[in-house]
Amino acid sequence: MRLSGNEQAAFVSLAGEVFDLDTAIQWFALEKAGREPCCAWRDEETGGVLTAATTLDAELVDPFVLVLAEGRDGLYSQEESRNPRGLLFVVLAYSDFVEIVARFGRYDYAGVAVKRHADVYTLGRKLSELLDRKTKETRSRVHEDANVPTR
């Protein structure tokens, strides 16, 4: 399923905020349940968002990696005990880059590829905090919309 114009604009805005976290970020990917992943790359010359698309040259992390890291309770459909230790992010080291993957809400996740010598712990915390803040903002907007009287 393709993103609408508003969803694409929201992704580009979020990608800009993610790239603002650190110049070591090379690309950003967002995978929403039931949608094609959205990806953006850093423009090496300007430092801004170069491309936003639904394809990526690298393979995205399987969300099952997060489920395993959060604890095996999630494997047995015990939703209430999912992520009992409060997993913030997962770091995967490849030969040419490091990827940080974090949840974005209940079912979605985001990943960033960073240069190998980046401070992945600090960057992972910043990414996790940004995604948590965005999730809370979305929830509060939904609750505000639910409180608007209709005819």
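What you see is a predicted model, and the numbers here were worked out from it, not measured in a lab.

### Quick notes on the overall build of the chain
Of regular secondary structure, the chain possesses 3 helices and 6 strands. The order of helices and strands in the chain, counted from the N terminus, is α-β-β-β-α-β-β-β-α. Each of the 151 residues in the chain was classed as buried or not, and the buried ones make up 35%. Across the chain, every contact between residues at least 6 apart in sequence was considered, and the portion connecting residues at least 24 apart equals 49%. Counting every atom, the chain has about 9500 Å² of accessible surface; 50% of that belongs to carbon and sulfur.

### What about the packing of aromatic side chains?
A full pass over the atoms with the stated rule returns 4 aromatic pairs. Ring geometry for F11 versus F28: centroids 5.5 Å apart, planes at 10°, classification stacked. Taken together, the residues F11 in helix α1 (residues 5-21) and F28 in strand β1 (residues 25-31) connect sequence positions 17 residues apart. Here F11 and F28 have matching classes, each one buried. Feature note: the residues W27, Y94 and F97 constitute an aromatic cluster, connected by ring pairs.

### Side note on the nonpolar core
By size, the foremost hydrophobic cluster in this structure holds 25 residues, and its most contacted members are V18, I25, F28, V112, V114 and L127. Counting residues per element, the ones that place at least two in this core are α1, β1, β2 (38-42), β5 (98-104), β6 (108-114) and α3 (120-146). Counting residues per element, this core draws most heavily on α1, at 6 residues. The contacts of V18, once residues within four sequence positions are left out, are I25, F28, V112, L127 and L130.

### Digging into the pairing of β6
In terms of burial, β6 is largely enclosed, as 7 of its 7 residues are buried. Every second residue of β6 is oriented toward a common face, with D108, A110, V112 and V114 on one face and Y109, G111 and A113 on the other, all of them buried. Judged from the 6 bridges that link them, β1 and β6 form a sheet pairing that is antiparallel. For A29, the partnering residue across the bridge sits in β6 and is G111. Bridging between β5 and β6 involves 7 bridges; their strand directions are antiparallel. Bridge pairing in β6 links V101 to G111. Where β5 hands over to β6, the hairpin turn is made up of 3 residues, of which G105 adopts a positive phi near 85°.

### Quick word on the side chain of D108
Looking at the element boundaries, D108 is found in strand β6. Here K32 takes part through its side chain, which lies 3.1 Å from a polar atom of the side chain of D108. If sequence neighbours within four positions are ignored, D108 has contacts with E31, K32, A33 and R103.

Cut-offs and rules
Residues numbered from 1 in each chain as written. Predicted model: local features only at pLDDT ≥ 70, side-chain atom pairs only at ≥ 80, totals over all residues. Heavy atoms only, no water. Helix = DSSP H or I, 4+ residues; strand = E, 2+ residues; numbered from the N terminus. Buried < 20%, exposed > 50% of the residue type's maximum accessible area, 1.4 Å probe, protein only. Contact = heavy atoms within 4.5 Å. Areas by Shrake-Rupley, 256 points an atom, 1.4 Å probe, with all protein chains shown as cover. Phe/Tyr/Trp six-rings, centres within 6.5 Å; stacked < 30°, edge-to-face > 60°. Core = buried A, V, L, I, M, F, W, Y, C linked by side-chain atoms within 4.5 Å. Pairing = 2+ DSSP bridges. Polar contact = N/O pair within 3.5 Å; in protein donor to acceptor, adjacent residues only side chain to side chain.

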